[in-house]
There are 2 protein chains.
Amino acid sequence: MAFSPEGLHRESLSQQVADQVVEFIRRSGLSEGDSLPPTRELARLFGVNTGTLREALRQLEATGGLSLRHGSGVYVGPNLDRLVMANPTSVTVSLETAVVLIRARLAIEPRIAALAAVHRSDQDVRLLREALSVASTPPDPVPHKSSKPNFHRVLARASGNQILAEIIDSLLTVHRVEQHTIRVVYSDRKKDFEQHSAIYEAVRDGDPDLSFSLTEEHLADILTVAEGALSAKDHPAGVMASRE
Amino acid sequence: MAFSPEGLHRESLSQQVADQVVEFIRRSGLSEGDSLPPTRELARLFGVNTGTLREALRQLEATGGLSLRHGSGVYVGPNLDRLVMANPTSVTVSLETAVVLIRARLAIEPRIAALAAVHRSDQDVRLLREALSVASTPPDPVPHKSSKPNFHRVLARASGNQILAEIIDSLLTVHRVEQHTIRVVYSDRKKDFEQHSAIYEAVRDGDPDLSFSLTEEHLADILTVAEGALSAKDHPAGVMASRE
DNA sequence: ATCATCCAGTGATCCGATCACTTTTAGAAT
DNA sequence: ATTCTAAAAGTGATCGGATCACTGGATGAT
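Residues numbered from 1 in each chain as written. Chains lettered and ligands numbered in written order. Predicted model: local features only at pLDDT ≥ 70, side-chain atom pairs only at ≥ 80, totals over all residues. Heavy atoms only, no water.

The topology assignment puts B:S211 in helix α9 (residues 208–234). Looking at B:S211, its side chain comes within polar contact range of the main-chain oxygen of B:D207, at 2.8 Å. (Helix = DSSP H or I, 4+ residues; strand = E, 2+ residues; numbered from the N terminus. Polar contact = N/O pair within 3.5 Å; in protein donor to acceptor, adjacent residues only side chain to side chain.)

Let us look at the protein's contact with DNA strand C. In the vicinity of DNA strand C, 22 residues are found, and the nearest of them are A:L13, A:T52, B:R40, B:R54 and B:G71. Atoms of DNA strand C within 4 Å of the protein belong to the sugar or the phosphate in 66% of instances, the rest to bases. In this structure, A:N49 approaches DNA strand C through a main-chain N or O atom, which is 3.0 Å from a phosphate oxygen. Between DNA strand C and B:T39 there is a distance of 2.8 Å, counted from a phosphate oxygen to a backbone nitrogen or oxygen. When residues of the surface near DNA strand C are traced back to their parent elements, those giving at least two are α1 (13–27) of chain A together with α2 (39–46), α3 (50–62), β1 (66–69) and β2 (73–76) of chain B. Counted by class, the surface near DNA strand C contains six nonpolar, 12 polar and four charged residues. (Near = heavy atom within 4 Å. Nonpolar A, V, L, I, M, F, W, Y, C, P; charged D, E, K, R; others polar.)

Turning our attention to the relation of the copies chain B and chain A. Under the fitted operation, chain B is carried onto chain A by 0.0 Å of movement along the axis and a turn of 180°, and the coordinates agree to an RMSD of 0.1 Å. In short, the pair behaves as if placed about a two-fold rotation axis. The overlap is high: 100% of the interface residues of chain B also sit at the interface in chain A, so the same surface is used on both sides. (Least-squares fit on C-alpha atoms with pLDDT ≥ 70 in both. Contact = heavy atoms within 4.5 Å.)

On to the interface of chain B and chain A, then. On the side of chain A, 44 residues touch chain B, which itself brings 44 residues to the contact. Together chain B and chain A conceal approximately 3,500 Å² of surface at their shared face, both sides included; 65% is due to carbon and sulfur atoms. Put simply, chain B and chain A have six salt bridges between them. In this structure, B:E55 and A:R54 form a salt bridge, with 3.4 Å as the shortest nitrogen-oxygen distance. The interface formed by chain B and chain A contains 17 residue pairs in polar contact (both at pLDDT 80 or more). Among the secondary structure elements, those contributing two or more residues to the side of chain B that touches chain A are α1 (13–28), α3, β3 (84–86), α4 (95–119), α7 (162–181) and α9 of chain B. (Buried area = accessible area lost by both parts, 1.4 Å probe. Salt bridge = Lys/Arg side-chain N within 4 Å of Asp/Glu carboxyl O.)

Turning to the packing of aromatic side chains, a few remarks are in order. The description of an aromatic ring pair uses the distance of the two centres, along with the angle that the planes make with each other. Residues and elements named next belong to chain A. Scanning all chains against the criterion turns up two aromatic pairs over all chains. The interplanar angle of 90° and the centroid separation of 6.4 Å between the aromatic rings of F24 and F46 together place this pair among those described as edge-to-face. Taken together, the residues F24 in helix α1 and F46 in helix α2 (residues 39–46) connect sequence positions 22 residues apart. Just as F24 is buried, F46 falls in that class too. (Phe/Tyr/Trp six-rings, centres within 6.5 Å; stacked < 30°, edge-to-face > 60°. Buried < 20%, exposed > 50% of the residue type's maximum accessible area, 1.4 Å probe, protein only.)

Here the focus is the environment of B:E201. One can find B:E201 in helix α8 (residues 189–204). With 73 residues separating them in the primary sequence, B:E201 and B:L128 have C-alpha atoms 9.7 Å apart.

Among the nonpolar cores identified, the biggest contains 36 residues, and A:I108, A:I167, A:L171, B:I108, B:I167 and B:L171 are the most heavily contacted of them. Aside from chain neighbours lying at most four places away, what touches A:I108 is A:I167, A:I168, A:L171, B:I108, B:L164 and B:I167. (Core = buried A, V, L, I, M, F, W, Y, C linked by side-chain atoms within 4.5 Å.)

With that settled, the discussion passes to α8(B). Residues and elements named next belong to chain B. Taking 1.5 Å of rise per residue, the 16 residues of α8 would be expected to cover 22 Å, and the 22 Å separating its terminal C-alpha atoms lies within 8% of that figure. Those residues of α8 not exposed but buried are D192, Q195, H196, S197, I199, Y200, A202 and V203. Phi turns positive one or two residues past the end of α8, at G206, with a value near 70°. (Expected span 1.5 Å × (residues − 1).)

Now the structure itself:
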């Protein structure tokens, strides 16, 4: 019998082509924003039909590895070398999920802040300071690209660990989707700013323990607000005795 | 001039169809493993060409939201409701990245173990015990589906926080890819088992502090091995002359 | 009852044509 | 010479249909 060691088609042709496209990008030394050859040319290059090639491109586009711009071209996306990401498919997130999300952040972000206090570079301190003004993501109706990164993202990046930064970024990306629907969290913007400032100073001064506890308090406060919104939803408006 | 508030095509048709497919799945109450209508029928349903529909399906398949089986049908995948995931595109990971990965786990997993000690259910304890025998992923040449989840995955699930479980799962998924290339890490399987057992007991007994420290030690040991392999690669075969 | 075969259902790929958007180019107006 | 406008070229997006390849169930012989 034998498993037909050669020539066995485990995966679809379009999947194979997708891998070849990635390899092509790597081999060509292309990086984010660079353009690829036209689709018809790529199809010829890989010896497949334009439709098949197109499916491959869509697969890569779905994960942010590529960007297809109608009438313009195919470009390398931002997520090609990324390891952890938010599910691009996920739509709006329920308030319950938002609470779970914040609990997860409460579990891991303090430690990340402590790491940042130890590993942060001078540039990190500078970026962190700039991020203070951006604060928690301003309520943009349209999620415009390349908006300045928010404080927590920069903080995670300062930890010096790319993976941790990607994790926080993923959580905040999901969170952002959430905020478009429910504007509850982050009610007190002034308090937010003060807490961020305190964390900034602790990280700048290289105090891991203080950075840890301040971040913990900050997220605990946010969690309180979110949980309050949640229970307010479950027991609406009310004095109480409300069922539903 | 105005921004033509209506009818403006921000995203491609295939992208819109992808969203419609997700909505269709949700509205139909389908869950993982359930089958969708045939592609031609779906194309008719959404009023697009089969090629366009196919691109939409590929986008969803790329993130594990769907599964297309040649000759069989289209099925709901495992990642439709997931929030955080490993980049499906990423190929092999360098040893340097593996070290970064383990450092990230060292930063967050102890806290997760502590949470598990507090929140674990009786069923979690049972699953955790079973996972002890599977130990750290056996070196499978072929990543077969539905293999029993490894200890760390089950541990994270016992934390009661879905997001944290997804994060750990993502890290281990990336890691698995890594192990296919480099078989260095997890050298001492017996020691691994003993440390897992100790963590299991601490979680079972509801001791968060002990669970924390044991997990921390366990990962620190793994990190040591990985860093050793890394420096051995940089300074091959050497007696010492170790720097750094 | 068992097994090999056939066949209908369904996804995968191909081909070619046409539409839609973007960018560049050429020309006109100033 | 500069600026604006319009045409044209380049490139992705969608369409329509035909054909191939795989799977799973039905068929039928043993």
